[in-house]
Amino acid sequence: MAGRGSTNEKAAPVKSEAALLPLQVLQKRSDFLKAARAGRAPCPAFLLQARQRRAGEADGVRVGFTCSKKVGNAVARNRAKRRLREIARLVLPTLGKPGWDYVLIGRADHTATRDFHSMQEDLRHALARVHAARK
RNA sequence: GCGGAAGGCUGGACGGCCGCUUUCUCUCCUUGGAGAGCGAGAGGAAAGUCCGGACUCGCUGAAGCAUCGGUGCCGGGUAACGCCCGGGCAGGGUAACCUGACGGAGAGCGCCACAGAAAUGAAACCGCCCCUUCUUCGGAUGGGGUAAGGGUGAAACGGUGGGGUAAGAGCCCACCGGGGGGCUGGCAACAGACCCCGCAUGGCAAGCCCCACCGGGAGCAAUGCCAAAUAGGGACCGCGCGCCCGCCUGAUUCCCUUUCGGGUUUUCCCGGGUCGGAAUAUCGGGGCAGGGGGGCUUCACCCCGAGUGGUCCGGGUUGGCAGCUUGAGCCAUGUGGCAACGCAUGGCCCAGAGGAAUGGCCGUCCAAGGCGCCCGGGAGACCGGCGCCGGGACAGAAUCCGGCUUACAGGCCUUCCGCGCGU
RNA sequence: UGGGGUGUAGCCAAGUGGUAAGGCACCGGUUUUUGGUACCGCGCACCGUAGGUUCGAAUCCUACCACCCCAG
């Protein structure tokens, strides 16, 4: 209980940094379809899709998560989405560009089992590739 | 000790860092948000969606009938059930115990392939026996008796044994099976003993059906409210616009009483007001008829009632709130009951997300399992200790409950049965 | 979340209690110099899985599995 209070003070600056680039979650099917038509970057544990929005659509970094039934039952899909959400939370506030939509798609087995640090590195490289290919 | 049977519980623990949803309290600012603090935050199956409910809906309500569907030994429990408990019967097991769609086939209809003579109130193929005629004495023709033997089939009008007979046959007898009757026990299903009947009446109702009982339909994406946006629609075609009342001093028209003003010839004319009366073609009101709303009928109700129906064209929305978690709820104690379960008292509040939170990463420990060592105990099977490796199943609330079914690494507890050993 | 449907040879399928039709494809043969066409023939089915009813089940019943469709 006492330890939790101190960590909250430590977490406060991280929170304010993230507030500069607020992450919005994609919900509409059409946004997912638009991202799928744009650039994609396959990784061992997931597939990254990204696109630069046209002017006037929305502000900030937006991200969506999805898993098909191939990944497994509801427990496996939820676990995969949670891991994707976690690496997005750690990486995107610093490397994501405003005005872009990102979609992370889970894969069977690998999304749940791959080493967590490797997944973060995968996402950084994938972001670099997507940004480079776009220009 | 070994092998089983039944029932119940549990479904890793602790800690660190970083996150998500949210009750309550406080602070800040402009509605509404932001921040802080203390808390709370998946299951026994949350699953499959197979039953039963609660709840919602002018999907018209109630009663009856019909249709359709479900259930099916008896009694009880329950809000209800196709669930549960107890009992009966049948089958399986040495036993503990398990399993069972378990009403009706002497109400009716239908089906029973192939084989077989014959498949339901069917009969006689090979046979067996008697009589007649013929005879080459092997037998054959004709008439009759029979259902024991053969063969077919899943199933052949009771079975076995004996008597009996020309051969046979419940023809007679014993036992078994079956049917009927009242009696006794039991709320009942049913059981028991007794008496009677020599006893043709197969199977299938998870075929139609009969009997008894139950059930309206759709479903929280139900439903209600708010906000925003757009529209306050257009075109064409068809069918229609019935009857009665004259009612509020309706409206209109007409007649009439009286009065005022004007024209003027006292009686006439024009205009306004007023008392009374009449009429309803038109406008308005009321009632009736009529039309529509369920599978049908009756009663009630609702809508239309002067418009309505059809076709085509056009436009907008995918937000928010409620429903949403206090409930056939959980825990404890007492009490009734063999039990399912009921009753009483006291205490508790225990997830509410909404493209969907309840987590991510790491460390330590703890079980299952494997390997090695101590070679500690022991005749041995094995047990104990230490170290290393390894690793925790099935599975994620979506309106909420009661069940059923299916999936599940293991662990713990209770009761019982069989066998072996010891006392 | 709720509602509805389907499952038969490699593919499309018929079959509503009694030996599982048919077509395409495959394979073999004949015709042809060869191929195609045409003709003839062969095989290919634990009827989604597991139980049950029945003498007998693709068919009837129950449970499960997989797939598909619909709904604001």
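A.B. asks: Even after reading the chapter, I still don't get the state of the cysteines, so can you show me in this structure?
C.D. replies: Chemically, a disulfide is nothing more than a covalent bond linking the sulfur atoms of two cysteines. Following the criterion strictly, the structure yields zero disulfides and no others. Of the cysteine sulfurs around Cys67, a residue in no disulfide, the closest is that of Cys43, at 14 Å.

A.B. asks: What's the story with the packing of aromatic side chains in this structure? I'm lost.
C.D. replies: Given two aromatic rings, one states the distance between the centres and the angle between the planes to describe the pair. Taken as a whole and assessed by the stated rule, the structure comprises one aromatic pair. Between the NZ or CZ atom of Arg85 and the centre of the ring of Phe65, over which it lies, the distance is 5.6 Å.

A.B. asks: Would you take a moment to explain helix 3 (residues 74–95) for this structure?
C.D. replies: Residue pairs spaced three or four apart in an α-helix point in one direction, given the helix's 3.6 residues per turn. End to end, helix 3 covers 30 Å across 22 residues, agreeing with the expected 32 Å (1.5 Å per residue, within 8%). The largest bend along helix 3 reaches roughly 35° and is located at Arg89, with the proline Pro93 sitting one to four residues downstream. All of the buried residues in helix 3 are Ala80, Arg83, Leu84, Ile87, Ala88, Val91, Leu92 and Pro93.

A.B. asks: Help me understand the side chain of Arg62 in this model?
C.D. replies: Examined against the element boundaries, Arg62 turns out to sit in strand 4 (residues 61–66). Under the relative-accessibility criterion, Arg62 is labelled buried at 13%. A distance of 3.0 Å separates the side chain of Arg62 from the side chain of Asp101, its partner in a polar contact. Beyond its immediate sequence surroundings of up to four residues, Arg62 is in contact with Gln24, Leu26, Asp31, Arg53, Trp100, Asp101 and Tyr102.

A.B. asks: Looking at this structure, how should I read the nonpolar core?
C.D. replies: Across soluble globular proteins, nonpolar side chains have a tendency to be buried as a group. Counting 22 residues, the largest nonpolar core has Phe46, Leu48, Leu84, Tyr102, Leu104, Leu123 and Leu127 as its most contacted members. Elements that contribute at least two residues to this core include exactly strand 3 (46–52), strand 4, helix 3, strand 5 (100–106) and helix 5 (116–134). Dropping the residues within four chain positions of it, Phe46 is found in contact with Leu84, Ile87, Leu104, Ile105, Arg107, Met119, Asp122 and Leu123.

A.B. asks: I tried to follow the environment of Val61 on my own but got confused; where do I start?
C.D. replies: Residue position: Val61 is located in strand 4. Spatially, the C-alpha atoms of Val61 and Lys97 are 6.4 Å apart, while their sequence positions differ by 36 residues.

A.B. asks: Honestly, the pairing of strand 3 in this entry has me stumped. Any pointers?
C.D. replies: One face of the sheet, then the other: side chains in a regular strand alternate in exactly this way. Burial analysis of strand 3 places six of its seven residues in the buried class, the great majority of the element. Examined bridge by bridge, strand 2 (residues 39–42) and strand 3 share four bridges and lie antiparallel to one another. Along strand 3, the bridge assignment pairs Gly39 with Ala50. From the end of strand 2 to the start of strand 3, which pair antiparallel, there are three residues. In this sheet, strand 5 lies alongside strand 3 in antiparallel orientation, the contact comprising seven bridges. Residue Phe46 lies in a different strand from strand 5, and its bridge partner there is Gly106.

Rules and cut-offs
- Residues numbered from 1 in each chain as written.
- Chains lettered and ligands numbered in written order.
- Predicted model: local features only at pLDDT ≥ 70, side-chain atom pairs only at ≥ 80, totals over all residues.
- Heavy atoms only, no water.
- Disulfide = S-S within 2.5 Å.
- Phe/Tyr/Trp six-rings, centres within 6.5 Å; stacked < 30°, edge-to-face > 60°.
- Lys NZ or Arg CZ within 6 Å of the ring centre and 35° of its normal.
- Helix = DSSP H or I, 4+ residues; strand = E, 2+ residues; numbered from the N terminus.
- Expected span 1.5 Å × (residues − 1).
- Bend = angle between axes of the 7 residues up to and from the residue.
- Buried < 20%, exposed > 50% of the residue type's maximum accessible area, 1.4 Å probe, protein only.
- Polar contact = N/O pair within 3.5 Å; in protein donor to acceptor, adjacent residues only side chain to side chain.
- Contact = heavy atoms within 4.5 Å.
- Core = buried A, V, L, I, M, F, W, Y, C linked by side-chain atoms within 4.5 Å.
- Pairing = 2+ DSSP bridges.

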